[in-house]
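A look at the structure
Take a look at the letters that make up each chain.
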Amino acid sequence: MKTSFVILVSSVILLIGCNFKKDVKRITQDFNKDWKFRLGDESEAFQMNYEDDSWKTINVPHDWSIEEGYKNVEETAASTGFTLGGIGWYRKSFRLNKEDVHKHISILFDGVYNNSSVWLNGNLLGTRPNGYSSFQYNLTPYLKHGDSLNVLAVKVDHSAYVDSRWYTGSGIYRKVQLIKKSPLHIANWGVRITTPKITKEYAEINIETKLENTGIKNPKNITLRYAVQDSLGVSVAFKEITLKNELQSSIKLEIKKALLWSVENPNLYTLKVEVLQDGTVVDNVSEKFGVRSFNFDANKGFSLNGKSMKIKGVNIHHDAGALGAAVPKGIWEYRMEKLKSVGVNAIRLSHNPHAVELLEVCDALGLLVMNEAFDEWHLPKGKSKVYLGDNAASEEASKAYPEHFKEWAERDLKDLIKRDFNHPSVIMWSIGNEIEWTFPEYSKTFNEVNKDIMADSYHFTPKYDSIAIKAILKKNVGANDELANTAKQLVKWVKEEDISRPVTCGSVLPSVSIASGYGKAVDVLGFNYRAADYDAAHKTYPDLKILGSENWVDYMEWKNCLERDFVSGVFLWTGFAYLGEAGPWPRKGLNISLFDFAGFKNPRGHFFECLWKEDSKVYMVTTPANESEFSFDKKKGWEFNMQLTPPPVWKMLRKWEWYKVYSKWKYDEGEPIIVQTYTNCEEAELFLNSVSLGKQKLSDFNEDNIIKWQVPFTQGELKVVGYNNGIKEKEYMLHTNSDEVAKISLKANKEEVYVNDITVITAKLLDDKGNLITTADKEIVFSISDNAKIIGIDNGWEKNVQSHKSNGIITHQGKAILIVQTKKEKGIVKISATVNGVKSKEFLITVP
Ligand code: GAL
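Residues numbered from 1 in each chain as written. Predicted model: local features only at pLDDT ≥ 70, side-chain atom pairs only at ≥ 80, totals over all residues. Heavy atoms only, no water.

**As for the overall build of the protein**
Threshold: The helix and strand labels rest on DSSP assignments: H or I over at least four residues marks a helix, E over at least two residues marks a strand, and numbering proceeds from the N terminus. When we talk radius of gyration, it's over C-alpha atoms, and the globule rule is simply 2.2 Å times the number of residues to the 0.38. Here the term buried applies to any residue with accessible area under 20% of the maximum for its type, exposed to any over 50%, and partly exposed to those in between, with areas from a 1.4 Å probe on protein chains only. By definition in these notes, contact holds between two residues if any of their heavy atoms fall within 4.5 Å. The Shrake-Rupley method, run with a 1.4 Å probe, gives the accessible areas here. Residue values count only the displayed protein chains as cover.
Within the protein, the secondary structure is distributed over 13 helices and 48 strands. The C-alpha radius of gyration computed for the protein amounts to 28 Å, which stays within 12% of the reference 29 Å derived for 848 residues, consistent with globular compactness. For the C-alpha atoms alone, the extent of the protein along its principal axes is close to 90 × 70 × 60 Å. Among the 848 residues that make up the protein, the fraction classed as buried is 59%. If you take every contact in the protein between residues at least 6 apart in sequence, the share linking residues at least 24 apart comes to 69%. Here the protein displays about 34,500 Å² of accessible surface, and carbon together with sulfur accounts for 50% of that area.

Put into structure tokens, the structure is as follows:
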């Protein structure tokens, strides 16, 4: 109350002081509508008067790779998900308002994949090779005022259609904003907030502000006004300072009894900064931030706000299945909520800058973020043409970022840090992923050092004798170790921007990399698939801060972390299925994840939910005994024999895949079936048609945490019940289904959806008893009222290469999703679906 009163009084005084001159606030204009687009090169399309009437009118974010669909043709490849690249042109005409004459006007692109060039009225503003960086151009010198039209032209050159190991998308796939501000203004990404001191009584907030002046001569009386509001909009801190001649400031504020940002309570504050010149507001920005502290400790692992916790992380790529790389914020909410629901508390943004909207969602939901810049430095990794691991993409088609690294790395890295600085979710900057693979001398050294003990390359503890490693490395690398030197340079650049967060990397050969100096250049060393190294690394380098940056979705990976306080956590590969890195056709992506492309929880998602959530849970899946990697013998008990992935795909991919399992109870009568139960209850009991098949203890299945049964199939109901202290906690059932659709159930993740927002409709095909039809795929056709539109359709399957831009699809295991975007009208959206003449009930979405 007191603070608000002070603010009110000071505002009144200021108003009197400024002779009621009109404030000029910054205008950030959505610049996404009505672009003209053409796929193909048009060398003259940068010219202002170029005729673009025949081009398609589209809105951005726009990803032409996903729009064009999956294609098994010469111009597509397995690494990038069998989608087209090519050259595309975008043009947008616009007029300015009268008030804009003296303004500084810039354009901000959140992401254009890739090699973009931007012209305004025929003048080249710049080029940007990196398709994940956000960038802006000053339009002011070339703008036409009055009635004249301005024309922006953007060329996107993604002709190297296999320039990545995963799906990239093509085009202006993130949002665009036109920003109008006074010539004296706060620089782009010009406000930085840190919370260096947090006590029970107060939190100290440090704010650095950078101004730019592009037109006002000798500006005098510049004042910066800072106000912090809590999540309810109540003012909690305020400060005003007057600048002398400088165009930057560094101030401290205090928030009394600040509410902390944490994964359980992601409390956010808003900082409003205003620039005043002679008492008039000339610019303003607003930044969300959180008050939190965290620490990585070489012995005790990770802690947030002083509380030890394990990082339960997953990796994710930047696509969202059916929508490709053009992902609305509502989809990130949908996906991140799903991850949280199984206990995930962190994500690694592999292996490139992701969308700002995703970071906003992580801030709001309480997900920690490892923010990563690169997968390649100046040397490329192999890219696959037909199937994962063939590395057969032509040199021309796979020309990638390494060509630009030397010139652009500093800019791209620093821009990422500048852009994402204030997000409380971001706790680390990663300078690269498995860069060792691009320096064969590192693998050679690893192989030579370990030649007497080496099993398959991941499954043994390598030697950590740093003297021996250094000697061999020196022989192989020579005096100039480019990997270690580049790492040190990148770390230096990060530190020039941010000393409040640690630098990390995903290291795949830590034993060699620590000895070389690469691993020691970073503050926290991420181990990719190297749990077997943890103890040796910790013993040899007691000061090393260790984290699992990439881990198999596998029980032992978690157990190895859980049993070691010094390991800060894990990042499973991956949280969601992702496009690319797959093949052979029609496998367009990898589903080695907790959730599939559509967001359906995979069995391994259920498994990790049992490990990572406190709530009791029991779940089960089945496999015919002759297909299963598990076998049961009365004398020997349960045995496991891993079946490696058959060629032509890289056989070790099995390590990333889950056991072969089905979520169904429908086999041949009498067929022996292995039932796997995932639970966090002490005991589970299996019932087949109400007859108990016995109770088993979870602790008897130490190796993999899966309670197993072998059961001869009989149709009906298979039920598993979980018990703690002998008391029933939870149950889960599978029923034998028929293949005849009797009913279609529709559900939405949100039934109340604001204008221009997203909801995901899940359709399930049910038989006459209400059982999910898991065993027959049928075509489902949706219809939707005019006040909303379909932006994607999917069935979640990695081999689904049907168009995502349709109202119909063949289901997979009885399910499909429809991604719906509301338009600008309020009201009721009606959705229904039909399968073989069976129609669903009309499903209603309210647009308030
Ligand atoms: C890792 C790599 C990831 C991904 C994964 C396999 O080694 O860092 O980007 O390729 O293997 O899917």
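Once the structure has been displayed, the description carries forward.
**So, the packing of aromatic side chains**
To keep things clear, this is the line we draw: Between rings of Phe, Tyr and Trp, where Trp is taken as its six-membered ring, a pair exists when centres lie within 6.5 Å; planes separated by under 30 degrees are stacked, by over 60 edge-to-face, and by other angles tilted.
The final tally for this structure, using the stated rule, is 47 aromatic pairs. Aromatic side chains Phe374 and Phe405 sit 5.5 Å apart centroid to centroid with 75° between the ring planes, which places their arrangement in the edge-to-face category. Here Phe374 is found in the loop between β23 (368-372) and α5 (402-420), whereas its partner Phe405 is found in helix α5, with 31 residues between them in sequence. Both residues of the pair, Phe374 and Phe405, belong to the buried class. A centroid spacing of 5.4 Å and a plane angle of 75° characterise the contact between Trp558 and Trp612, whose relative ring orientation is edge-to-face. A residue pair is termed long-range when its members are at least 10 positions apart, and Trp558 in helix α12 (residues 555-562) and Trp612 in helix α13 (residues 603-612) qualify at 54 residues. Each member of the pair, Trp558 as well as Trp612, carries the same accessibility label: buried.

**Looking at the domain arrangement of the protein**
What counts, and what does not: These domain limits were set by an automatic method or by a database of domain assignments. Buried area adds together the accessible area that both of two parts lose upon being put together, with accessible area traced by a 1.4 Å probe. When a carboxyl oxygen of Asp or Glu lies within 4 Å of a side-chain nitrogen of Lys or Arg, that pair is called a salt bridge. Definition of a polar contact: a pair of N or O atoms within 3.5 Å, with one able to donate and the other able to accept a hydrogen when the atoms are protein atoms, and with sequence-neighbouring residues admitted only if both atoms are side-chain atoms. By the convention adopted, Pro, Cys, Tyr, Trp, Phe, Met, Ile, Leu, Val and Ala count as nonpolar, Lys, Arg, Asp and Glu as charged, and the other residues, Gly among them, as polar.
Entries for the protein in the domain assignment read domain 1 (22-183), domain 2 (185-260 + 264-289), domain 3 (309-590), domain 4 (615-735) and domain 5 (743-847). On the side of domain 3, twelve residues touch domain 2, which itself brings ten residues to the contact. With both sides pooled, the region where domain 2 packs onto domain 3 buries about 1,000 Å², and carbon together with sulfur makes up 59% of that total. When the buried area of domain 2 at its contact with domain 3 is split by residue, Trp189, Arg192 and Pro266 rank highest and sum to 58% of it. Remark: the boundary between domain 2 and domain 3 carries one salt bridge. For the salt bridge of Arg192 with Glu497, the shortest nitrogen-to-oxygen distance reads 2.4 Å. Across the domain 2-domain 3 interface, the total number found is four residue pairs in polar contact (both at pLDDT 80 or more). For the side of domain 2 that touches domain 3, the element with the most residues is strand β11 (residues 184-198), which contributes five residues. Within the side of domain 2 that touches domain 3, the residues separate by chemical class into six nonpolar, one polar and three charged.

**Things to note about the packing of α5 against helix α8 (residues 482-497)**
Each pair of packed helices can be summarised by the angle the axes make with each other and by the distance between the axes. Selection rule: An axis is simply a line fitted to the C-alpha atoms; with a helix, the fit covers only the stretch in contact. Between two such axes, the angle follows the N-to-C directions and lies from 0 to 180 degrees. Left-handed describes a crossing whose near helix is turned anticlockwise from the far helix by less than a right angle; the clockwise case is right-handed.
Following both chains from N to C, one finds α5 and α8 inclined at 35°, their axes separated by 9 Å at the closest point. Seen along the crossing, α5 lies across α8 with a hand that is right-handed. Taken together, the residues of α8 that come into contact with α5 (itself represented by Phe405, Lys406, Ala409, Glu410, Leu413, Lys414, Ile417 and Lys418) are Glu482, Thr486, Leu490, Trp493, Val494, Glu496 and Glu497. Among the residues forming the contact of α5 with α8, the class breakdown is seven nonpolar, one polar and seven charged.

**Points about the sheet that holds strand β12 (residues 202-213)**
Here is the rule: Any two strands with at least two DSSP-identified bridges between them are counted as paired.
Read from one edge to the other, the open sheet built from three strands follows the order β11-β12-β15, with strand pairing classed as antiparallel. Here the strands that pair on one side only, and so sit at the sheet edges, are β11 and β15 (248-256). Here the average twist between neighbouring strands, direction ignored, is 20°.

**So, the site of the ligand**
We count it as follows: Whether a residue is near a molecule or strand is decided by its heavy atoms; if any one of them lies within 4 Å of it, the residue is near.
In the vicinity of the ligand there are 13 residues, among which Arg165, His351, Glu434, Glu550 and Glu581 approach most closely. Between the ligand and the protein, one listed contact pairs an oxygen atom with a side-chain N or O atom of His351 at 2.6 Å. In this structure, Asn433 approaches the ligand through a side-chain N or O atom, which is 2.9 Å from an oxygen atom. Protein contact buries 93% of the 310 Å² of open area that the ligand shows by itself. Taken together, the residues that form the shell around the ligand break down as six nonpolar, three polar and four charged.

**So, α8**
Given 3.6 residues to a turn, an α-helix orients residues that are three or four positions apart in the same direction. As a reminder of what qualifies: To estimate the expected span of a helix, subtract one from its residue number and multiply by 1.5 Å.
Taking 1.5 Å as the rise per residue, α8 with 16 residues should run 22 Å; its terminal C-alpha atoms sit 23 Å apart, in good agreement. Where α8 begins, the capping side chain belongs to Asp481, and its oxygen is found 3.1 Å from the backbone nitrogen of Leu483.

**Points about the environment of Ala397**
You can see Ala397 is positioned in the loop between β23 and α5. Under the relative-accessibility criterion, Ala397 is labelled buried at 6%. Sequence spacing of Ala397 and Asp163 is 234 residues, and the spatial spacing of their C-alpha atoms is 6.7 Å. Once residues within four sequence positions are removed from consideration, Ala397 is found in contact with Ala160, Tyr161, Val162 and Asp163.

**Quick notes on the nonpolar core**
Rules: Definition of nonpolar core: a set of buried residues of the types Ala, Val, Leu, Ile, Met, Phe, Trp, Tyr and Cys, connected through side-chain atoms within 4.5 Å.
If you look at the biggest cluster of nonpolar residues, it comprises 114 residues, and the most contacted ones within it are Ile347, Trp377, Ile431 and Tyr518. Sorting elements by how many residues they give to this core places α8 first, with seven residues. The contact partners of Tyr518, leaving out residues within four places of it in the chain, are Trp377, Ile431, Ile435, Glu436, Tyr442, Leu483, Ala484, Ala487, Cys505 and Ser513.

**Things to note about the confidence of the model for the protein**
Close inspection of predicted coordinates is inappropriate for parts of the model with low pLDDT. Which entries qualify depends on this criterion: A score between 0 and 100, pLDDT records how confident the predictor is in each residue.
On average, residues of the protein carry a pLDDT of 96, and 97% of them reach 70 or more. Scored below 50 in pLDDT, residues 1-20 shows eleven contacts in the model against residues more than four places distant or in partner chains.

**Examining the sheet that holds strand β39 (residues 727-735)**
Overall, antiparallel pairing links the four strands, which are arranged β36-β35-β38-β39 in an open sheet. The open sheet has two free edges, formed respectively by β36 (691-697) and β39, since each of these has just one partner strand. Taking each pair of neighbouring strands and ignoring which way they run, the sheet shows an average axis angle of 20°. Where strand β35 (residues 683-688) meets β36, five bridges bridge the pair, whose relative direction is antiparallel. Within β36, the residue paired with Glu683 across the bridge is Lys697.

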